[in-house]
Amino acid sequence: MPAGVRIPRFLRWRRHPVVSVIVILLVLAGAVVGGERLYGILFPPELSCGKGMTATTGKPRACVGVNIEGKPFTKNDPDRMRALQKEINAANDAVTGESTSVVLMLNLSPVHDVDTLTYESLYHNIEGAITAVWRANNTAAYGSRPGVKLYLANMGSRYGAWQQAVDSVEQHAGPERISAVVGLGQSTDQTRQAAAAISSRLHIPVIGSTVTGNSMNLDPADPAGKKLIPDMFRVSPTNTDTVIAANQYVSGLKPAVTSMAVIADGVEGDDYTASLAAEAKVRFQAPDRTLTVLPYTSPRDMPSGAGRSDYLVQQFTLMHANLCQAAPSAVYFAGRGRDLGAFVQTWVQGAPCGIGQLHILAGDDASEAIRDDVVLKGIASGRVTVAFTALASPEEWGSECPGTDAKRNYDQFWSAFTGRPDPCTQQPLATTQGARPPLSFDPASLASGQAMLTHDAVAAAVSAARREGAGVKNPGLLTGILHQFYCAQMLPGASGWLSFGNDGNPVGKPIPVVRINADGTTKTATLTWPSSAPNVSLPQRGGTGAPGC
């Protein structure tokens with residue numbers, strides 16, 4: 001090569017091919033890493049999930065699992081949901097020393113017109129759980145130690161991510177000292193599988209708060225359908241009891257109900273609607289009453305924006321003529337409360353057929369219709385009345401002071417929930433030294449009864465965990481302790497005394513029948529006792545006043 005001629009730099013690399021390859025790879029790697037960081041800055045992820053949660057696939061995306069850090073579940077969580085999570089975070093941070101944790105597991109990212117529950121009902125459940133934990137940590141209602149933390153766990157829309165939620169509970173059960181899972185939400189195949197998985201893998205109590213389907217405490221893996229889920233409890237009555245309560249109410253109406261129709265949802269995978277319809281077909285039969293069953297099928301799975309309500313309006317429009325032919329004095333709606341609006345709309349806007357006013361009675365899920373504008377407009381028109389068998393009601397214990405022991409239990413809950421003085425004694429709620437500020441939830445949130453039931457589920461979990469510190473030392477012992485809560489060991493609850501049978505179902509629970517008014521308020525029409533005599537006090541020595549004694 002002639003002197004003074006320089007080899008181009010890129011040709012020199014050919015003399016050292018190994019070094020050249022290494023340099024090129026390092027440059028490319030740096031570009032990739034830097035590019036990813038730059039991309040993340042310019043195009044941040046749609047949803048960032050905190051510790052304990054993972055993002056679902058598809059749209060809309062949501063974070064599912066146990067929310068350890070209190071992060072949003074969706075990118076558009078409502079302000080009220082974020083405020084409740086902030087309240088939970090602050091309360092958890094205030095717990096020092098030995099502690100145990102309770103997980104409230106629900107569908108916390110419902111999709112409009114796909115899921116049959118609303119954010120409004122979720123708020124009530126969360127507020128009830130927060131109230132129980134506040135009472136546990138700041139009053140003497142349920143002992144004093146260990147301290148109690150609350151975590152929310154999301155199963156996703158239609159409970160489709162229940163497996164990820166259970167996996168997350170299992171992963172964090174040890175580090176967070178989780179002693180019980182409560183809530184579950186609706187009586188579906190998914191929530192029953194979740195309860196069974198928690199029981200078989202973690203051996204800790206699962207306490208349903210508003211779970212009423214008859215088969216919800218039965219192991220889905222049992223071909224015979226008879227084996228109980230060992231660690232499953234619930235504080236709400238079964239659908240058998242709610243239909244018995246509905247029939248007691250109907251049988252007392254004047255003039256007598258001589259013709260009745262059951263609007264029965266036949267969708268698969270929903271134990272609530274299935275057992276409600278099955279019980280209604282039997283319990284409403286009477287010698288002096290004709291009974292007509294009118295079936296429909298709600299959509300089992302619909303994508304976001306597909307229009308669940310429009311789909312049901314089509315069916316109920318076709319049902320209209322057969323309903324007119326039956327000419328019932330009353331209708332029992334054995335379907336989801338979110339679907340009641342479509343039924344009411346088609347009746348009110350359908351062709352008149354000689355029935356001046358249709359009296360509609362429904363199961364507890366009709367609490368979802370309390371603020372349904374279509375239902376309220378139907379009631380305002382005078383064409384329908386709507387009542388439902390609630391799981392609990394703020395009016396069920398009356399207003400007399402001092403009232404029964406059950407009312408005094410409720411008044412203590414009410415005072416903690418609202419932060420206001422006891423409605424009978426007018427005294428502020430006594431708290432322990434160093435207590436956190438009082439809560440200030442709206443009393444109107446109690447109308448559906450769901451806050452009361454979720455409070456009671458958490459209260460039962462805390463009461464079991466604090467017996468000899470079992471919740472910290474060995475959560476697997478809590479199932480046996482919960483089974484001891486019966487007869488003279490009943491627990492004071494907002495919805496009534498808590499007493500569990502051998503199958504984990506509540507014993508002696510009252511069921512109020514509640515009317516919905518056109519302005520969205522409710523009124524308790526009557527209080528029924530489907531499975532026992534009235535149970536308002538602990539039994540006295542030698543007495544038999546409580547179920548199971």
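Scroll up to find the structure this text is about.
Predicted, not measured: the structure shown is a model, and the values here were computed from it.

(A) Layout of the overall build of the protein. When its secondary structure is counted, the protein shows 15 helices and 14 strands. Buried positions account for 55% of the 549 residues belonging to the protein. If you sum the accessible surface of the protein, you get close to 23800 Å²; carbon and sulfur atoms cover 54% of it.

(B) Region of the structure containing the state of the cysteines. By the definition in use, this model includes 3 disulfides. Bridging Cys49 to Cys63, the disulfide has an S-S length of 2.0 Å. Note on the Cys49 and Cys63 pair: the S-S dihedral is about -90 degrees, so by sign convention the disulfide is left-handed. Of this pair, Cys49 sits in the loop between α2 (17-42) and β1 (53-55) while Cys63 sits in strand β2 (residues 63-66), and the two are 14 residues apart along the sequence. Overall, the relative accessible area of 23% leaves Cys49 in the partly exposed class. Between the sulfur atoms of Cys324 and its disulfide partner Cys353 the distance amounts to 2.1 Å. Because the sign of the S-S torsion sets the handedness, a value of about -75 degrees for the bond joining Cys324 and Cys353 places this disulfide among the left-handed ones. Taken together, the residues Cys324 in helix α9 (residues 308-326) and Cys353 in the loop between α10 (340-349) and β11 (358-362) connect sequence positions 29 residues apart. What makes Cys324 buried here is its relative accessible area of 15%.

(C) Molecular detail of helix α3 (residues 79-93). An ideal rise of 1.5 Å per residue puts 21 Å on 15 residues; α3 measures up with 21 Å between its terminal C-alpha atoms. Burial in α3 covers these residues: Met81, Leu84, Gln85, Ile88 and Asn92. Viewed along the axis of α3, the buried residues span an arc of 100 degrees, placing them on a single side of the element. Facing away from the buried side of α3, by more than 90 degrees, are the exposed residues Asp79, Lys86 and Asp93. The elements touched by buried residues of α3 are α4 (119-138) and β4 (147-154).

(D) Spatial organisation of the sheet that holds strand β5 (residues 178-183). Read across the sheet, 7 strands follow the order β1-β2-β4-β3-β5-β6-β7 without closing on themselves; strand pairing throughout is mixed. Two strands in the sheet have a free side with no partner beyond their single neighbour: β1 and β7 (232-234). When the angles between neighbouring strand axes are averaged without regard to direction, this sheet yields 25 degrees. Across 3 bridges, β5 lies against strand β6 (residues 206-208) in parallel orientation. Within β6, the residue paired with Val181 across the bridge is Val206. The sheet contacts of α4 involve β3 (99-106) and β4, and relative to β4 the element is tilted by about 165 degrees. Where helix α13 (residues 450-465) meets the sheet, its contacts fall on β3, β4, β5 and β6, and the angle it forms with β5 comes to roughly 165 degrees.

(E) Up close: the side chain of Thr210. With respect to the helices, strands and loops of the structure, Thr210 is situated in the loop between β6 and β7. Polar contacts involving the side chain of Thr210 include one to the main-chain carbonyl oxygen of Gly185, which spans 3.4 Å. In this structure Thr210 touches Asn125, Gly183, Gly185, Ser236, Asp364, Leu391, Gln450 and Leu453, once residues within four positions along its chain are discounted.

(F) Inspection of the layout of surface pockets at higher detail. Size it by volume and the largest pocket reaches roughly 420 Å³. Considering the residues around the largest pocket, the lining is formed by 22 residues, among which Pro60, Arg61, Ala62, Thr74 and Val111 are closest to the centre. The residue inventory of the lining of the largest pocket, partitioned by class, reads 9 nonpolar, 9 polar and 4 charged.

(G) Fine view of the pattern of salt bridges. Tallying each qualifying case throughout the model produces 12 salt bridges. For Asp339, the salt bridge goes to Arg308, with nearest N and O atoms at 2.8 Å. With Asp339 in the loop between β10 (330-334) and α10 and Arg308 in helix α9, the pair connects residues that are 31 residues apart, well separated along the chain. In terms of burial, Asp339 and Arg308 fall into one category: buried. Where Asp365 meets Arg336, a salt bridge forms, and the shortest distance between an N and an O atom there is 3.4 Å. You can see Asp365 sitting in the loop between β11 and α11 (373-380) and its partner Arg336 sitting in the loop between β10 and α10, a full 29 residues away along the chain. Asp365 gets classed as buried once you look at its relative accessible area, which sits at 6%. In the salt-bridge network here, residues are joined through shared partners; they are Arg80, Glu120 and Glu127.

Thresholds applied
- Residues numbered from 1 in each chain as written.
- Predicted model: local features only at pLDDT ≥ 70, side-chain atom pairs only at ≥ 80, totals over all residues.
- Heavy atoms only, no water.
- Helix = DSSP H or I, 4+ residues; strand = E, 2+ residues; numbered from the N terminus.
- Buried < 20%, exposed > 50% of the residue type's maximum accessible area, 1.4 Å probe, protein only.
- Areas by Shrake-Rupley, 256 points an atom, 1.4 Å probe, with all protein chains shown as cover.
- Disulfide = S-S within 2.5 Å.
- Expected span 1.5 Å × (residues − 1).
- Arc of directions from axis to C-beta.
- Contact = heavy atoms within 4.5 Å.
- Pairing = 2+ DSSP bridges.
- Axes fitted to C-alpha atoms, helices over the stretch in contact; angles between N-to-C directions.
- Polar contact = N/O pair within 3.5 Å; in protein donor to acceptor, adjacent residues only side chain to side chain.
- 1 Å grid on protein atoms, 1.4 Å probe; cavity = no way out; pocket = protein on both sides within 12 Å on 5 of 7 lines; lining within 4 Å.
- Points joined across faces, edges and corners; volume = space filled by probe spheres on them.
- Nonpolar A, V, L, I, M, F, W, Y, C, P; charged D, E, K, R; others polar.
- Salt bridge = Lys/Arg side-chain N within 4 Å of Asp/Glu carboxyl O.

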